[in-house]
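Each chain, letter by letter, is given below.
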Amino acid sequence: MPSFLSPVVPPGRLGGMGQPHLDAGTVHLRPWRNEDAEALVAAYSDPVIQQWHCRSMTFDEALQWVTDARAGWRDETPASWAIAADDGLAGRITLRPHLADGWAEAAYWVVAAARGRGVAPLALQTATNWAFQVLGLHRVELEHSTGNPASCRVALKAGFAAEGTKRSHTLHPDGWHDMHLHARIAAIN
Ligand SMILES: CC(C)(COP(=O)(O)OP(=O)(O)OC[C@H]1O[C@@H](n2cnc3c(N)ncnc32)[C@H](O)[C@@H]1OP(=O)(O)O)[C@@H](O)C(=O)NCCC(=O)NCCS
């Protein structure tokens, strides 16, 4: 049966455009490189990142992760940037796209040494602006555990309005967590 809807972002637009480098003042969003592997292992050895991202990483897994991140762009699965600062890898920002439906889910972490300087909100704002203005998405949303107030601050500072709480929605290593849902809408922001 024919659909009444056309894809909001047509298949092939994201994968066909090549991953951009996005500059945002003190932070720079760039594609992942094999040289990031050591810094990735260090990031995923942080218990706070392990708690909220539910994994650790060996060096070989980090290399595979970089390969998958680069392939993910071409295949239009998660679009992931390294957040680079003057002193090296500062973090990661990812958009998991649902292109035909016009929305994506954002996820991020920042290494312990770079926290508290507004890196995550700036990276989130920058990737979202690109997703609206260049890719043509309509909505970007994110979820964080109600036990992670720092992530709630990131969302609010990046202009992601709070939309409610999903009860007992996501399993973390210590059990089920209630999740706050936040979003930015292209036409509103
Ligand atoms: C949540 C996180 C991404 C914030 O990144 P950031 O670049 O430090 O963001 P900000 O500088 O805007 O700080 C956000 C909040 O973190 C807290 N914070 C400030 N300095 C901090 C520090 N040195 N260490 C830890 N948290 C700090 C504050 O509550 C701050 O809010 P405020 O600006 O209203 O005071 C980062 O703490 C992180 O990676 N945490 C572990 C992984 C994670 O939680 N990922 C998100 C899963 S949804």
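The structure displayed is predicted, hence computed values, not measured ones.

1. Focus on the environment of valine 8
Inference 1: Mapped onto the secondary structure, valine 8 falls in the segment before helix H1 (13-16).
Inference 2: Along the primary structure valine 8 and threonine 128 are separated by 120 residues, whereas in three dimensions their C-alpha atoms are 16 Å apart.
Inference 3: In contact with valine 8, not counting residues within four places along its chain, are Leu99, Ala100, Asp101, Gly102 and Gly136.

2. Considerations on the pattern of salt bridges
Between side chains of opposite charge, pairing is possible as soon as their charged atoms come close.
Inference 1: Enumeration according to the criterion identifies eight salt bridges in this entry.
Inference 2: Linking glutamate 141 and arginine 139 is a salt bridge whose minimum nitrogen-to-oxygen distance equals 2.9 Å.
Inference 3: A salt bridge links glutamate 163 to arginine 139, with the nearest nitrogen and oxygen atoms 2.7 Å apart. On the criterion of sequence distance, the pair formed by glutamate 163 in strand E7 (residues 161-172) and arginine 139 in strand E6 (residues 139-145) is long-range, its members being 24 residues apart.
Inference 4: Overall, glutamate 163 belongs to the partly exposed group, its relative accessible area being 40%.
Inference 5: One salt-bridge network, in which partners are shared between bridges, spans Arg139, Glu141 and Glu163.

3. As for the environment of arginine 74
Inference 1: As for its position among the elements, arginine 74 is in helix H4 (residues 59-75).
Inference 2: When the C-alpha positions of arginine 74 and alanine 162 are compared, they lie 32 Å apart, and in sequence the two are 88 residues distant.

4. What to know about the UniProt feature "domain: N-acetyltransferase" (unreviewed entry) in the protein chain
Inference 1: UniProt feature "domain: N-acetyltransferase" (unreviewed entry): in the numbering of this structure it lies at residues 27-182.
Inference 2: Here residues 27-182 is 37% helix and 37% strand, with 23 Å between the C-alpha atoms at its ends.

5. Details of the site of the ligand
Inference 1: In the vicinity of the ligand lie 21 residues, with Val110, Gly118, Asn148, Arg153 and Lys157 positioned nearest.
Inference 2: At a separation of 2.8 Å, an oxygen atom of the ligand approaches a polar backbone atom of glycine 116.
Inference 3: Most atoms of the ligand, that is more than half of them, are within 2 Å of grid points of the largest pocket.
Inference 4: Of all the elements in the fold, those that place two or more residues in the shell around the ligand are helix H3 (47-53), strand E5 (103-110), helix H5 (119-135), E6 and helix H6 (149-157).
Inference 5: For the shell around the ligand, the element with the most residues is H6, which contributes five residues.
Inference 6: Here the residues of the shell around the ligand are counted per class, giving 10 nonpolar, six polar and five charged.

6. Here's the deal with the sheet that holds E7
Inference 1: Spatially, eight strands are ordered E1-E2-E3-E4-E5-E6-E8-E7 in an open sheet, and the strand pairing comes out mixed. Two strands close off the open sheet at either side, each with one partner strand: strand E1 (22-24) and E7. Averaged over all pairs of adjacent strands, the angle between strand axes in this sheet comes to 25°, irrespective of strand direction.
Inference 2: Pairing analysis gives eight bridges linking strand E4 (residues 88-98) to E5, with the strands arranged antiparallel. For arginine 92, the partnering residue across the bridge sits in E5 and is tryptophan 109.

7. What to know about the state of the cysteines
Inference 1: Counting across every chain of the model gives zero disulfides.
Inference 2: No disulfide involves cysteine 152; its sulfur sits 18 Å from the nearest other cysteine sulfur, which is in cysteine 54.
Inference 3: For cysteine 152, a relative accessible area of 15% translates into the label buried.

Criteria and cut-off values
- Residues numbered from 1 in each chain as written.
- Predicted model: local features only at pLDDT ≥ 70, side-chain atom pairs only at ≥ 80, totals over all residues.
- Heavy atoms only, no water.
- Helix = DSSP H or I, 4+ residues; strand = E, 2+ residues; numbered from the N terminus.
- Contact = heavy atoms within 4.5 Å.
- Salt bridge = Lys/Arg side-chain N within 4 Å of Asp/Glu carboxyl O.
- Buried < 20%, exposed > 50% of the residue type's maximum accessible area, 1.4 Å probe, protein only.
- UniProt positions renumbered as here; feature names shortened; annotations may be inferred.
- Near = heavy atom within 4 Å.
- Polar contact = N/O pair within 3.5 Å; in protein donor to acceptor, adjacent residues only side chain to side chain.
- 1 Å grid on protein atoms, 1.4 Å probe; cavity = no way out; pocket = protein on both sides within 12 Å on 5 of 7 lines; lining within 4 Å.
- Sits in = over half its atoms within 2 Å of the grid points.
- Nonpolar A, V, L, I, M, F, W, Y, C, P; charged D, E, K, R; others polar.
- Pairing = 2+ DSSP bridges.
- Axes fitted to C-alpha atoms, helices over the stretch in contact; angles between N-to-C directions.
- Disulfide = S-S within 2.5 Å.

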